[in-house]
Amino acid sequence: FGIHALLVVTLTLSPVTAAAQNENDVTGEDVYPPLWDLAHENLLDFPVKDNKIVINAWNYQDRLGVYKSLLKASAKYFGGFGPQNSGNILWGLPAQHGWQFRTGRLADPSGVSSCGYENGELLCLSVRSWWSCMNYYLAIIPFLGAVEAGLFGQLPYEIEILPPEEQKDDFCYSVNDCWSRMPKLMNDWKAFFEYLLSTQHKAVSSDSFSSFNLDHALGLMWKAHTTSIAYALPKFQDSLKYFSDPEANFSEDWADAVDFIAATHFITDLLTTNNFQAFLPQRMLVEGDVLPSITDFSPGQNRVLVSLRALHKANKSTGGLLLKLWQKAMSTEAGRKIGRKLIESVTSG
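Cut-off values and rules
- Residues numbered from 1 in each chain as written.
- Predicted model: local features only at pLDDT ≥ 70, side-chain atom pairs only at ≥ 80, totals over all residues.
- Heavy atoms only, no water.
- Salt bridge = Lys/Arg side-chain N within 4 Å of Asp/Glu carboxyl O.
- Helix = DSSP H or I, 4+ residues; strand = E, 2+ residues; numbered from the N terminus.
- Buried < 20%, exposed > 50% of the residue type's maximum accessible area, 1.4 Å probe, protein only.
- Core = buried A, V, L, I, M, F, W, Y, C linked by side-chain atoms within 4.5 Å.
- Contact = heavy atoms within 4.5 Å.
- Pairing = 2+ DSSP bridges.
- pLDDT = per-residue confidence, 0-100.
- Expected span 1.5 Å × (residues − 1).
- Polar contact = N/O pair within 3.5 Å; in protein donor to acceptor, adjacent residues only side chain to side chain.
- Axes fitted to C-alpha atoms, helices over the stretch in contact; angles between N-to-C directions.
- Parallel < 35°, antiparallel > 145°, perpendicular 65-115°, else oblique.
- Left-handed = near helix turned anticlockwise from the far one by under 90°.
- Disulfide = S-S within 2.5 Å.

1. Looking at the pattern of salt bridges
So, step 1. Counted under the stated rule, the structure contains 12 salt bridges.
So, step 2. Of the charged contacts in the structure, one is a salt bridge between Lys 235 and Asp 170, with a shortest N-O distance of 3.9 Å. Taken together, the residues Lys 235 in the loop between helix H8 (214-232) and helix H9 (245-263) and Asp 170 in the loop between strand E3 (158-161) and helix H6 (175-181) connect sequence positions 65 residues apart.
So, step 3. When its relative accessible area of 29% is taken as the criterion, Lys 235 is described as partly exposed.
So, step 4. Asp 253 is paired through a salt bridge with Arg 309; the nearest N and O atoms lie 2.7 Å apart. Of the two residues, Asp 253 is situated in helix H9 and Arg 309 in helix H11 (residues 299-317); the sequence distance between them amounts to 56 residues.

2. Remarks on the nonpolar core
So, step 1. Core analysis: the biggest nonpolar cluster contains 100 residues, and Phe 143, Phe 152, Ile 159, Phe 192 and Phe 193 have the highest contact counts within it.
So, step 2. Per-element tally for this core: the top contributor is H9, with 10 residues.
So, step 3. Setting aside residues no more than four positions away along its own chain, Phe 192 makes contact with Ile 89, Leu 90, Ala 217, Leu 220 and Met 221.

3. Quick look at the sheet that holds strand E2 (residues 52-55)
So, step 1. Pairing is mixed across the open sheet formed by three strands, whose spatial order is E1-E2-E3. In the strand order of this sheet, the two ends are held by strand E1 (48-49) and E3, each with one partner.
So, step 2. With four bridges connecting them, E2 and E3 associate as parallel partners. Bridge assignment links Ile 53 to a residue of E3, and that residue is Ile 159.

4. Details of the confidence of the model for the chain
So, step 1. When pLDDT is averaged along the chain, the result is 89; 87% of the residues meet or exceed 70.
So, step 2. For residues 14-27, every residue scores under 50 in pLDDT, and the model assigns this stretch 38 contacts once sequence neighbours within four places are set aside.

5. Quick look at H9
So, step 1. The end-to-end C-alpha distance of H9, which contains 19 residues, comes to 28 Å, matching closely the 27 Å that a straight helix rising 1.5 Å per residue would cover.
So, step 2. Judged by how many residues are buried, H9 sits mostly within the fold: 15 of 19 residues are covered.
So, step 3. The N-cap residue of H9 is Ser 244: its side-chain oxygen and the backbone nitrogen of Glu 247 are 3.2 Å apart.
So, step 4. His 265 sits one or two residues past H9 and shows a positive phi near 55 degrees.

6. Digging into the packing of helix H2 (residues 60-74) against helix H3 (residues 92-102)
So, step 1. Between H2 and H3, the least distance of the axes is 10 Å, while the angle of their chain directions is 160 degrees. As summarised for this structure, H2 and H3 are arranged roughly antiparallel, according to the angle between their axes. Crossing of H2 over H3 shows left-handed handedness. Across from Tyr 60, Arg 63, Leu 64, Tyr 67 and Leu 71 in H2, the residues of H3 making contact are Leu 93, Pro 94, His 97, Gly 98 and Phe 101.

7. Considering the state of the cysteines
So, step 1. Overall, the coordinates contain two disulfides when judged by the stated rule.
So, step 2. One disulfide bridge connects Cys 115 with Cys 124, the sulfur atoms lying 1.9 Å from each other. Across the S-S bond of Cys 115 and Cys 124 the torsion is about -90 degrees, and the bridge reads as left-handed.
So, step 3. Accessibility expressed as a relative area gives 18% for Cys 124, which makes it buried.
So, step 4. Two residues share a disulfide in this structure: Cys 172 and Cys 178, whose sulfurs sit 1.9 Å from each other. Disulfide Cys 172-Cys 178: the torsion about the S-S bond is 95 degrees, which places it as right-handed.

In structure tokens:
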């Protein structure tokens, strides 16, 4: 049964990855999240008020600036993995956020406000959007974990995150606030950034960056990533009521699939993430979208949606056993390498 389950998972996940793009595509503008060039890349570029760096996490450009500052501050650890910081494994986070923005998933799905719409407040991130709220835990929490770990050095000011207009209790707004309310999340993200910092200190003494282990770094990052999702999922379950049934189903399927992807220590550099996202739906799903024949989606996108739904149902029906078997198979570095190869080779072949 274990081998059969492993094959089911492998074949289910395999359509998610597109064929590899040419490395020269790194310089193409469309590989970066929308408005990437306009986002702040230094923390001191954000407004300073009452001796605090103030960040509006409910503005797309500000949240993007949080990511951009993380990418810049961590660039030196990934210099050997690709040109122009393209090998940085933190790219998966802003790339996902950019996909969410581009596909309208961060706008107000209730229709009560113009938040997130082109004819209204385009850069507004709605607190009623499930995607927007889930992403908070994969943007602000990693960022504050990095601040606490010392990734940005000694900052002259504290960080203050502005609250949304509603549901204020569902979020935290400073390093101390987040530590007191969600210590495990903060600790997991801090551990990832501390590992990066420790490799630099070792390099200074040994004159070599050989202490950096990509698989270990990916393991720490994915652990923090899945912890964030697991913590946020029950908080925002009610937000799915604003979505169509197909979009609500896809949202849950996607959150579930991340656990399977994480187990392989999937490499979330810029190129791989963009290849990966090419097969995700490029608009919100609406009533009347019937799988696997959504006419304005590519065969690959239809196939991925069907696969993610099947994976979610299979894992649910086995009480999570499918995920446990997959995680066991991915418990060694050799196993994870095979897992990633299986995911990639089935599609390209």
